[in-house]
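One letter stands for each residue in the lines below.
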Amino acid sequence: MDRSYLPIIQHHAKNFNLEPNLVRAVIQVESEGDTWAARFEPGWKWFVSPKTWAKIVKVSQSTETVCQAMSFGLMQVMGAVARELGMTEDLTKLCSPDTGIYYGCKKLRKEIDRWGSIERGLAAYNAGSPNSSVGQQYAKKVLKIFEKLNTDSQSLIT
């Protein structure tokens, strides 16, 4: 991962009471540190007023709908999730490290608080529910990287 992201990670992790190395582990699993990572989820069915948001951000309704069904940036935040969390800009701005990490940390904190543990919060961050086997596998993968980052003095953020 580009080390220039570390101050941004530290800033947003602190603001959302998250451990910076946990955020780094999510970034590693989600995008391998590629700020331009984007993925379309063809089965996505949950949208936040695409017609309204299209008018606000001055794009077509189909563009807004497609963007809400995509994940963007270092933490692969879904467009619809960013809208739910209050993002009022063009969703492609989630590829900006500052914007993407902000909304990723906001979502992760929301899920941890909602489900009562880091592991369950990570599963929900990925799959929408802590009970999803895919989400549980994701959580284990993130926590394994998190543990490695915490034991590797070269990569530890304090």
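The structure reproduced in this document is the subject of the present report. Remember, predicted model here, so these are calculated numbers, not experimental data. (Residues numbered from 1 in each chain as written. Predicted model: local features only at pLDDT ≥ 70, side-chain atom pairs only at ≥ 80, totals over all residues. Heavy atoms only, no water.)

**A closer look at the packing of helix α2 (residues 20-31) against helix α8 (residues 133-151)**
Packed helices, taken two at a time, are described by the angle their axes make and the gap between the axes.
Thought 1: Two elements in contact, α2 and α8, have axes separated by 8 Å at closest approach and are oriented at 125 degrees. Put simply, α2 runs oblique to α8. Crossing of α2 against α8: the hand is right-handed. Judged by residue contacts, N21, L22, R24, A25, V26, Q28, V29 and E30 of α2 engage Y138, K141, V142, L143, I145, F146, L149 and N150 from α8. (Axes fitted to C-alpha atoms, helices over the stretch in contact; angles between N-to-C directions. Helix = DSSP H or I, 4+ residues; strand = E, 2+ residues; numbered from the N terminus. Parallel < 35°, antiparallel > 145°, perpendicular 65-115°, else oblique. Left-handed = near helix turned anticlockwise from the far one by under 90°. Contact = heavy atoms within 4.5 Å.)

**Brief notes about the pattern of salt bridges**
Thought 1: On inspection of all chains with the given rule, the structure shows seven salt bridges.
Thought 2: Residues R39 and E41 are paired through a salt bridge, measuring 2.7 Å at the closest nitrogen-oxygen approach.
Thought 3: In this structure, K93 and E89 form a salt bridge, with 3.9 Å as the shortest nitrogen-oxygen distance.
Thought 4: Judged by its relative accessible area of 41%, K93 is partly exposed. (Salt bridge = Lys/Arg side-chain N within 4 Å of Asp/Glu carboxyl O. Buried < 20%, exposed > 50% of the residue type's maximum accessible area, 1.4 Å probe, protein only.)

**With respect to the sheet that holds strand β1 (residues 38-40)**
Thought 1: Reading across the sheet, the three strands line up as β1-β2-β3 and stay open at both edges, with antiparallel pairing between neighbours. Only two strands of the sheet have a single neighbouring strand rather than two, namely β1 and β3 (77-78).
Thought 2: Pairing of strand β2 (residues 70-72) with β3 involves two bridges; the strand directions are antiparallel. When the bridges of β3 are listed, F72 appears paired with V77. (Pairing = 2+ DSSP bridges.)

**Quick look at the environment of L74**
Thought 1: Tracing the chain through its elements places L74 in the loop between β2 and β3.
Thought 2: For L74, a relative accessible area of 2% corresponds to the buried category.
Thought 3: Taking the C-alpha atoms as reference, L74 lies 6.9 Å from I101; in sequence the two are 27 residues apart.
Thought 4: Setting aside its immediate chain neighbours within four residues, L74 contacts Y5, I27, E30, S31, G33, D34, T35, P97 and I101.

**Looking at unusual backbone geometry**
Thought 1: In this structure, S49 takes a positive phi of about 40 degrees despite not being glycine.
Thought 2: Here the phi dihedral of Q76 falls at roughly 50 degrees; this positive angle occurs in a residue that is not glycine.
Thought 3: Mapped onto the secondary structure, Q76 falls in the loop between β2 and β3.

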